[in-house]
Amino acid sequence: MTLQRLTVHVMDGQAQVQEFVFPADRQEPIVIGRELGAHIKFSDNHDVVSRRHALIHLKAGADPVTLTDQGSSNGLFLNGTRVSGVATLQHGDVISLGEGGPRLTLAFDPVPPEQPKATRVIRAAAPTRVISVDQTIPMPAVTAASNRRTEGGGTAATPMPPTDKSRPRWVPVALMTALIAVGVMAGLYVRPSAGPEGAANALPPTAAGMPTHESLAERVASQYGPATVKIEVSWKLVHKATNQTIFHEHERITLKDGQAMTLPVYIQHRDGSVEPKLTLNAAKGRAIGSTHTGSGFVVSPDGFILTNRHVAASWQTDMPEILSCPCLLVLSGGEKHVLGSVTPQLRSAVGQWVPARSTSLGGGSGSGIRGGAVGQLQVLDVVFSRSKDRHPARLVKVSDAHDVALIKIDTPSKLVAVDLPAPNEVASLKEGQDVVVMGYPAAAPEVYLQTASQDPFNRKATITDVPSVTVSPGVVSRVIRGTQDRKDGQSEAYVSTVGDAYQLDINATGQGNSGGPMFDRQGRAAGIFFAGNSRLSFAIPIKYGMDLLSPQTSVD
């Protein structure tokens, strides 16, 4: 059957949908990107989209419809698989502009009768940290004055799984500064409840006095599923003094064989650390930022929500995904080297770069930027379980002690909130105790809702995804202390590279679950999910979240 027209439905990071219709006999390719002449054009707010990201070639008759990547910075994906070269398109295919970027759904008219519906590959967008570090590392000659919890969320997250597939790879404290954290880049929402009651009610125990995995998970999901939200985030790094967008500088070079390439530039500082070279010149670089999703939970009926810092304020956490090769490395002495691939030494040197604390912003590094940087939120939306509505949120406060942040939405009705322990009742969980984690992992199947418009001035229907909370029961397998003295009073102590944390046996959560609540067997929020790998996951003790809810808390 001959193709007559192609319809493209575009869903951007704000869940707004546009529809484009192209006749099959058009002569020129369909340009997708941010450039002025693009046929499917995105604004400059969509930093994940390249100026000329991709082309769709339409051909009348039986010739295939094809997709071509135009050298995009963040990649082009077809049904979840990265496109390199030319790919053939079919009815129902989903094109993603970068991981977690805008999605384009294709509809052929007429639909080929012999073609089955394309397999939908779940997008991976949410920034769950990947852990490959030890919890208790002996340190010689630690004085009593050092007996404090490690601050700053020492949760090194590496974007790669441990090399030893049989067990996690433990890293000594001497290498803590070389650990790499993953920020991987997403949005969520929750449907408000009309009833304020139930927000502070603990779950009743079972007849046996100890809920089973099933009964605890079922009760927690029923009572606090409406309080667990999905969070959609898009941000970019801006210069504090001028509010200009900050870019990662790229330089065009000519190789010895005459081949010309535009490469990302990294600079080495005198201390051996490596950072991306920054510039305010849009013509010379790529904007720094991300689009991702995460989870959170309502902690007060008036709309305060706890989540992770790396979800709501990613510019204040390390960003190893900024590293990409081939690249140009400028050594501290000024010598330039072209690197064809990422080496372990380079990954270690770049791994702890935090955008808002870039050494380059202090000047003296050749970047030419002074005055500091801050993240500017383009999107911070909250979505409730089984709801299509997005609720704009604002960032209220970020913890400087752990991976925790507080955001807030404004709502005319009271919300269901989780049950928090009283400040004087916050106690550590024990190994073996039952817990339940809830959130919105990216691997969960997506469900979409099309809403017809009744607005005479805007007749286009909208298509939005409707998230549903995922419930994951498990147990606390280890309780990890940030620092701790030896019981015999000796000066030797240990320090955890993940800070205070609960190690869980739950591995069915995955990316996107970051910021979700962890409940104890009494049905109270006891932790905040924040990191994991393919075998283990980790949660932050709830006391770090409660610190953000108590502005009058004094420093001991």
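Criteria and cut-off values
- Residues numbered from 1 in each chain as written.
- Predicted model: local features only at pLDDT ≥ 70, side-chain atom pairs only at ≥ 80, totals over all residues.
- Heavy atoms only, no water.
- Helix = DSSP H or I, 4+ residues; strand = E, 2+ residues; numbered from the N terminus.
- Buried < 20%, exposed > 50% of the residue type's maximum accessible area, 1.4 Å probe, protein only.
- Areas by Shrake-Rupley, 256 points an atom, 1.4 Å probe, with all protein chains shown as cover.
- Core = buried A, V, L, I, M, F, W, Y, C linked by side-chain atoms within 4.5 Å.
- Contact = heavy atoms within 4.5 Å.
- Pairing = 2+ DSSP bridges.
- Polar contact = N/O pair within 3.5 Å; in protein donor to acceptor, adjacent residues only side chain to side chain.
- Salt bridge = Lys/Arg side-chain N within 4 Å of Asp/Glu carboxyl O.
- pLDDT = per-residue confidence, 0-100.
- Phe/Tyr/Trp six-rings, centres within 6.5 Å; stacked < 30°, edge-to-face > 60°.
- Lys NZ or Arg CZ within 6 Å of the ring centre and 35° of its normal.

Enquirer: Can you walk me through the overall build of the protein in this structure?
Expert: From N to C terminus, the protein includes four helices and 36 strands. Each of the 556 residues in the protein was classed as buried or not, and the buried ones make up 52%. Of the roughly 25200 Å² of accessible surface on the protein, a fraction of 50% belongs to carbon and sulfur atoms.

Enquirer: Would you mind showing me how to read the nonpolar core here?
Expert: Inside soluble globular proteins, nonpolar side chains tend to come together where they are buried. In terms of nonpolar packing, the biggest core is built from 68 residues, with Ile 288, Phe 297, Val 298, Leu 306, Val 382, Ile 407 and Val 418 touching the most fellow members. Sort the elements by how many residues they give to this core and strand 14 (residues 228-239) lands first, with five residues. Leave out the neighbours within four places in its chain, and Ile 407 touches Ile 231, Gly 303, Phe 304, Ile 305, Ala 312, Leu 380, Val 382, Ala 393, Arg 394, Leu 395 and Val 396. With 28 residues, the next largest nonpolar core counts Ile 30, Ile 40, Leu 78 and Leu 97 among its residues.

Enquirer: Is there a simple way to think about the sheet that holds strand 3 (residues 30-33) in this case?
Expert: Pairing between sheet strands relies on hydrogen bonds along the backbone, with the strands arranged either parallel or antiparallel. Judged by pairing direction, the sheet is mixed, and its five strands sit side by side in the order 4-3-5-6-9 without closing on themselves. Only two strands of the sheet have a single neighbouring strand rather than two, namely strand 4 (40-41) and strand 9 (86-89). Judged from the four bridges that link them, strand 6 (residues 65-69) and strand 9 form a sheet pairing that is antiparallel. Residue pairing in the sheet places Val 65 in a bridge with Leu 89 of strand 9.

Enquirer: Any chance you could explain the side chain of His 292 here in plain terms?
Expert: Position of His 292 relative to the elements: it lies in strand 20 (residues 289-298). In terms of polar contacts, His 292 uses its side chain to reach the backbone carbonyl oxygen of Val 311, at 2.9 Å. Engagement of the side chain of His 292 in a polar contact is seen with the side chain of Ser 314, the distance being 3.4 Å.

Enquirer: Help me understand the pattern of salt bridges, please; the structure alone is not making it clear to me.
Expert: Pairing between side chains of opposite charge can happen when the charged atoms of each approach one another. All chains considered together, the criterion is met by 12 salt bridges. We note a salt bridge from Lys 336 to Glu 251, for which the minimum N-O separation is 3.3 Å. One end of the pair, Lys 336, is in strand 23 (residues 336-339); the other, Glu 251, is in strand 15 (residues 247-254), with 85 residues separating them in the sequence. With relative accessibility at 22%, the residue Glu 251 sits in the partly exposed group. Ionic pairing is found between Asp 410 and Lys 408, a salt bridge with its closest N-O pair at 3.3 Å. Taking the relative accessible area as the measure of exposure, Lys 408 reaches 10% and is therefore buried. Taken together, the salt bridges that share partners define one network made up of Glu 249, Lys 277 and Lys 284.

Enquirer: Can you help me understand the environment of Ala 393 in this one?
Expert: As for its position among the elements, Ala 393 is in strand 25 (residues 391-398). Taking the relative accessible area as the measure of exposure, Ala 393 reaches 18% and is therefore buried. Note: C-alpha distance between Ala 393 and Gly 303 (90 residues apart in sequence) is 9.2 Å.

Enquirer: Where do I start with the confidence of the model for the protein in this structure?
Expert: Low-confidence regions, as indicated by low pLDDT, have predicted coordinates that should not be scrutinised in detail. The predicted model of the protein averages 76 in pLDDT, with 72% of residues at 70 or higher. In the model, residues 116-128 has pLDDT below 50 throughout and makes 59 contacts with residues more than four positions away in sequence or in other chains. When the criterion is pLDDT under 50, residues 130-213 qualifies, and its contacts beyond four places in sequence or with other chains add up to 262 contacts.

Enquirer: Would you explain the pairing of strand 26 (residues 405-409) in this entry?
Expert: Residues in a regular strand point their side chains to alternate faces of the sheet. For strand 26, the buried fraction is high: five of the five residues fall into the buried class. Alternating residues of strand 26 divide into Ala 405, Ile 407 and Ile 409 and Leu 406 and Lys 408, and every residue in both groups is buried. Looking at chain direction, strand 21 (residues 304-307) and strand 26 are connected through four bridges and run antiparallel. Its bridge partner lying in strand 26, Thr 307 is registered against Ala 405.

Enquirer: For this particular structure, what's the right way to read the packing of aromatic side chains?
Expert: Two numbers describe a pair of aromatic rings. These are the distance of the centres and the angle of the planes. For the coordinates displayed, the defined rule picks out three aromatic pairs. Ring centres 6.4 Å apart and planes at 10° place the aromatic pair Phe 20 and Phe 22 in the stacked group. On the accessibility criterion, Phe 20 (18% relative accessible area) is buried. Taking the relative accessible area as the measure of exposure, Phe 22 reaches 6% and is therefore buried. Lys 408 extends its terminal NZ or CZ atom over the ring of Phe 304, reaching a point 5.2 Å from the ring centre.

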